[in-house]
Amino acid sequence: LAVAMLAPGSYTAQVTGANDTTGLALVEVYEVGATSGRLINLSTRAQVGTGASVMISGAVLSSGSGTRRLLVRAAGPALGAFGLPGTPADPAIAVTDATGTATIATNNDWGTPGDSGAATSALLANAFTLAGAFPFPENSRDAALLGEFGSGSYTIQVSGSGNTSGIALVE
């Protein structure tokens, strides 16, 4: 457990197992008593498995009585530009309620409208720029959605289409 007041900037938290052990870990970041600035982005790079081993991230929003527009992304193939091998060729993303039972929005292939929560690729590319997120290649099979979310707890699940696996980034 660590509590720190951090100056504005980019930070990385790394979790390793003692004596090179492996397993599941949870990293939590809370914005507490912010007087200026705000948390803008939180991302996790992890192994995407199949079945019960899909990548799972969570978000808790406090937006009063309104909503907040969020960009949610699952990068797989786009990570190749950063030299990261072993990514899933076609990640899919689903945002559910905190229990994982009610699906709020989904996307598979960010440039393909029609999934729930999907926006046009031009609208999403603009959101990437506004958020300071790295771009996805136009025809990549990475996943992204832009949606209005009210106060509450959400689960973000990343899976590999066709039961594929690999290392992905969820933002």
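Please read these numbers as outputs of a predicted model, since none were measured by experiment.

A closer look at the sheet that holds strand S1 (residues 44-48)
Picture the strands of a sheet paired through backbone hydrogen bonds; they go either parallel or antiparallel. Spatially, S1-S8-S3-S6 is the arrangement adopted by the 4 strands of the open sheet, whose pairing is antiparallel. Lying at the two open borders of the sheet, with one neighbouring strand each, are S1 and strand S6 (143-150). This sheet shows a mean twist of 25° between the axes of neighbouring strands, independent of strand direction. Both strand S3 (residues 67-75) and S6 contribute to a ladder of 8 bridges, which runs antiparallel. Its bridge partner being in S6, Leu-71 is matched across the sheet by Leu-146. Running at roughly 75° to S6, helix H1 (residues 121-131) makes contact with S3 and S6 of the sheet.

A short note on the pairing of strand S7 (residues 152-160)
With 7 bridges connecting them, strand S2 (residues 55-61) and S7 associate as antiparallel partners. If you follow Ile-56 over to S7, its bridge partner there is Gln-157. Of the strand pairs in this sheet, strand S4 (residues 91-97) and S7 are connected by 7 bridges, and their pairing is antiparallel. Bridging across to S7, Asp-97 finds its partner in Tyr-154.

Topic: the side chain of Asn-107
Its place among the elements puts Asn-107 in strand S5 (residues 103-108). At 3.4 Å, the side chain of Asn-107 and the backbone nitrogen of Trp-110 are in polar contact.

Re the packing of aromatic side chains
Under the criterion given, the structure shown has 6 aromatic pairs. The interplanar angle of 40° and the centroid separation of 5.2 Å between the aromatic rings of Trp-110 and Phe-128 together place this pair among those described as tilted. Of this pair, Trp-110 sits in the loop between S5 and H1 while Phe-128 sits in helix H1, placing them 18 residues apart in sequence. Take Phe-128: its relative accessible area is 2%, and that puts it in the buried class. Here the aromatic residues Phe-82, Trp-110, Phe-128, Phe-134 and Phe-136 are joined through ring pairs into a cluster of three or more. Against the face of Phe-128 rests Arg-73, its NZ or CZ located 4.4 Å from the ring centre.

Here we look at the environment of Asn-108
With respect to the helices and strands, the residue Asn-108 is situated in strand S5. Here Asn-108 falls in the partly exposed class, since its relative accessible area comes to 25%. Asn-108 sits 34 residues away from Ala-74 along the chain, and the two C-alpha atoms are 9.2 Å apart. At 3.1 Å, the side chain of Asn-108 and the side chain of Ser-161 are in polar contact.

As for the sheet that holds S4
Taken in spatial order, the 4 strands of this open sheet run S2-S7-S4-S5, and their pairing is antiparallel. Each edge of the open sheet carries a strand with a single partner, namely S2 and S5. Mean inter-strand twist for the sheet, computed between neighbouring axes without regard to direction, equals 15°. In this sheet, S5 lies alongside S4 in antiparallel orientation, the contact comprising 5 bridges. Paired with Ile-93 across the strands is Asn-107, a residue of S5.

Conventions used here
- Residues numbered from 1 in each chain as written.
- Predicted model: local features only at pLDDT ≥ 70, side-chain atom pairs only at ≥ 80, totals over all residues.
- Heavy atoms only, no water.
- Pairing = 2+ DSSP bridges.
- Helix = DSSP H or I, 4+ residues; strand = E, 2+ residues; numbered from the N terminus.
- Axes fitted to C-alpha atoms, helices over the stretch in contact; angles between N-to-C directions.
- Contact = heavy atoms within 4.5 Å.
- Polar contact = N/O pair within 3.5 Å; in protein donor to acceptor, adjacent residues only side chain to side chain.
- Phe/Tyr/Trp six-rings, centres within 6.5 Å; stacked < 30°, edge-to-face > 60°.
- Buried < 20%, exposed > 50% of the residue type's maximum accessible area, 1.4 Å probe, protein only.
- Lys NZ or Arg CZ within 6 Å of the ring centre and 35° of its normal.

Geometric descriptors of this kind do not, in isolation, establish any biological role.
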